[in-house]
Amino acid sequence: MSASNRSGTTAEGAGKSGGLKKVVAASMVGTVVEWYEFFLYATAASLIFGKFFFPNSDTALDGIIAAFVTYAVGFVARPLGGIFFGQVGDKLGRKHTLQVTIIMVGAATFLMGCLPGFNVIGYAAPALLVLLRFIQGFALGGEWGGAVLLVAEHSPNKSRGFWSSWPQAAVPIGNLLATAVLLTMSAVLSNAAFESWGWRVAFWLSAVVVVVGYYIRTHVSEAPIFLEAREKVEQEKAISYGVFEVVKKYPRGILGAMGLRFAENIIYYIIVSFSIVYLSQVHDYNTSSLLFALLVAHVIHFLVIPQVGRLSDRIGRKKVYLAGAVLSATWAFFAFPMFDTQNAVIIVAAITIGLCFHALMYAGQPAIMAEMFPTRMRYSGVSLGYQVTSIFAGSLAPIIATAILQETGSWIGVALYIVGACIITGIAVVTLRETKGIGLRDVDTADAERHGLTTTQEARR
């Protein structure tokens, strides 16, 4: 009897919960580091970079849009990183790939904190910012797929949604740390000091968490199912793996993953980035108060994500994801009026509700996408589906929303933009095959039968 056909609690990889928790911790700590640094840039782009690197803009919103364009560069780099590290990860392994990505993104972020402004070195300042942002995005492009697959491939079939949601929950922790650091610096320093050098400290602190994350990642092992798949590829040289193979053999899976990602990515960056722009520019809302609102929302987001992952194991991936798409389509219509009250409690509630809706889509992504692709090309498949979408979803969302606000002076267009995105994701969910409880070895077997390959067991005999 195969491992996937025994009890639903049988793990694909780590058989002991202690070993699985160690893998989850290793994936989470790296993801915390990566997203601490990524969100740090998003917040700094909203509050600092517009005037620091683009001081000659005609209006404040023009400078912010310019800063968000450099922000978008990271998203353009992400699929390139996903392609590169997906190929490497499918060949050499998830663990070593993740060690490289965490060092790259940490170094780029630290150097951002060292950059002089436009007034010191002119156009070289934004040029260097763009270069470092590209490196940061390139590394992050390989981070997500490796982190979630390290957990998904070790997880029991019956609870893969829950366990693999923990690296997703690490995202709000990283955002929480970034927000807490920026909040502390903005609270203890004058506005002039914070804008001059205080924001740099948050970037420099990344060096500490990078060292911790790298150390933890050296103490985990690859999932047995990956080692078996790699052995099979090595034994049968004709068997292909990686990016080109997944594009050729599983184009529908990639398109499906992109559809799932579309609205989730847009709504997230509207909530955590554009909301700051709206409140600070339309209402001149206090920076510290804005950061505190995000701080509270990130804590709740972290608590909700694993529970949503557990729910996807119980009632199915599709029902939970579709609920997230439908509810997210309604968010802007009540959130922006809540922002307009300028009441701190109501603002926190609006942001928190939005992130809870987002969690309904975000928590189940690792399990769903892992169950779409066979092991020999899983890293490449999930990285492509996840990261390519970021180019025309999350990267453009703050730019489009800010441009709509500048052009119309209203949030209505932004709300309609979100609705359109949710319709696209809703269609993707409806066409999705329910995979709750499926064994990853069964996915590999189906792949072998579909493409005339030998199974791992046959290759080993």
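One can find the structure itself at the top, above this paragraph.
Nothing here was measured: the structure is a model prediction, and the numbers come from that model.

Parameters at a glance
- Residues numbered from 1 in each chain as written.
- Predicted model: local features only at pLDDT ≥ 70, side-chain atom pairs only at ≥ 80, totals over all residues.
- Heavy atoms only, no water.
- Axes fitted to C-alpha atoms, helices over the stretch in contact; angles between N-to-C directions.
- Helix = DSSP H or I, 4+ residues; strand = E, 2+ residues; numbered from the N terminus.
- Parallel < 35°, antiparallel > 145°, perpendicular 65-115°, else oblique.
- Left-handed = near helix turned anticlockwise from the far one by under 90°.
- Contact = heavy atoms within 4.5 Å.
- Nonpolar A, V, L, I, M, F, W, Y, C, P; charged D, E, K, R; others polar.
- Patch = residues over 30% accessible without salt bridge, like charges linked within 9 Å, V, L, I, M, F, W, Y side chains within 5 Å.
- Areas by Shrake-Rupley, 256 points an atom, 1.4 Å probe, with all protein chains shown as cover.
- Salt bridge = Lys/Arg side-chain N within 4 Å of Asp/Glu carboxyl O.
- 1 Å grid on protein atoms, 1.4 Å probe; cavity = no way out; pocket = protein on both sides within 12 Å on 5 of 7 lines; lining within 4 Å.
- Points joined across faces, edges and corners; volume = space filled by probe spheres on them.

Colleague: Where do I start with the packing of helix α12 (residues 251-282) against helix α19 (residues 412-430) in this structure?
Modeller: When two helices pack together, their arrangement is given by the angle between their axes and by how far apart the axes lie. It is at 7 Å that the axes of α12 and α19 come closest, and there the two elements cross at 155 degrees. Taken together, the axis directions place α12 and α19 in an arrangement best described as roughly antiparallel. Judged by the twist between their axes, the crossing of α12 over α19 is left-handed. Every residue of α19 that contacts α12 at G256, G259, L260, F262, A263, I266, I267, I270 and F274 is listed here: V414, Y417, I418, A421, C422, I424, T425, A428 and V429. For the contact of α12 with α19, the per-class residue count stands at 15 nonpolar, three polar and no charged.

Colleague: Teacher, can you tell me more about a nonpolar patch on the surface here?
Modeller: Together, L80, I83, V120, I121, L128, L131, F134 and I135 make up a nonpolar patch on the protein surface, roughly 630 Å² of accessible area in all. Contributions of two or more residues to the nonpolar patch are made by α2 (60-92), α4 (118-121) and α5 (124-152).

Colleague: What is the right way to look at empty space enclosed by the protein in this model?
Modeller: Taken as a whole, this structure holds two cavities of 30 Å³ or more when the rule is applied. Considering only enclosed or pocket space, the largest cavity measures out at about 50 Å³ in volume. Lining the largest cavity are W35, V171, R261, E264, N265, Y268, Y269, H358, Y362 and Y386. Of all elements in the fold, only α12 and α15 (344-362) reach the threshold of two or more residues within the lining of the largest cavity. With five residues, the top contributor of residues to the lining of the largest cavity is α12. Across the lining of the largest cavity, the residue classes tally to six nonpolar, two polar and two charged. Space inside the second largest cavity adds up to approximately 30 Å³. Around the second largest cavity sit V308, S312, R317, V320, Y321, L360, G364 and I368, which together line it. Of all the elements in the fold, those that place two or more residues in the lining of the second largest cavity are α13 (287-315) and α14 (317-340).

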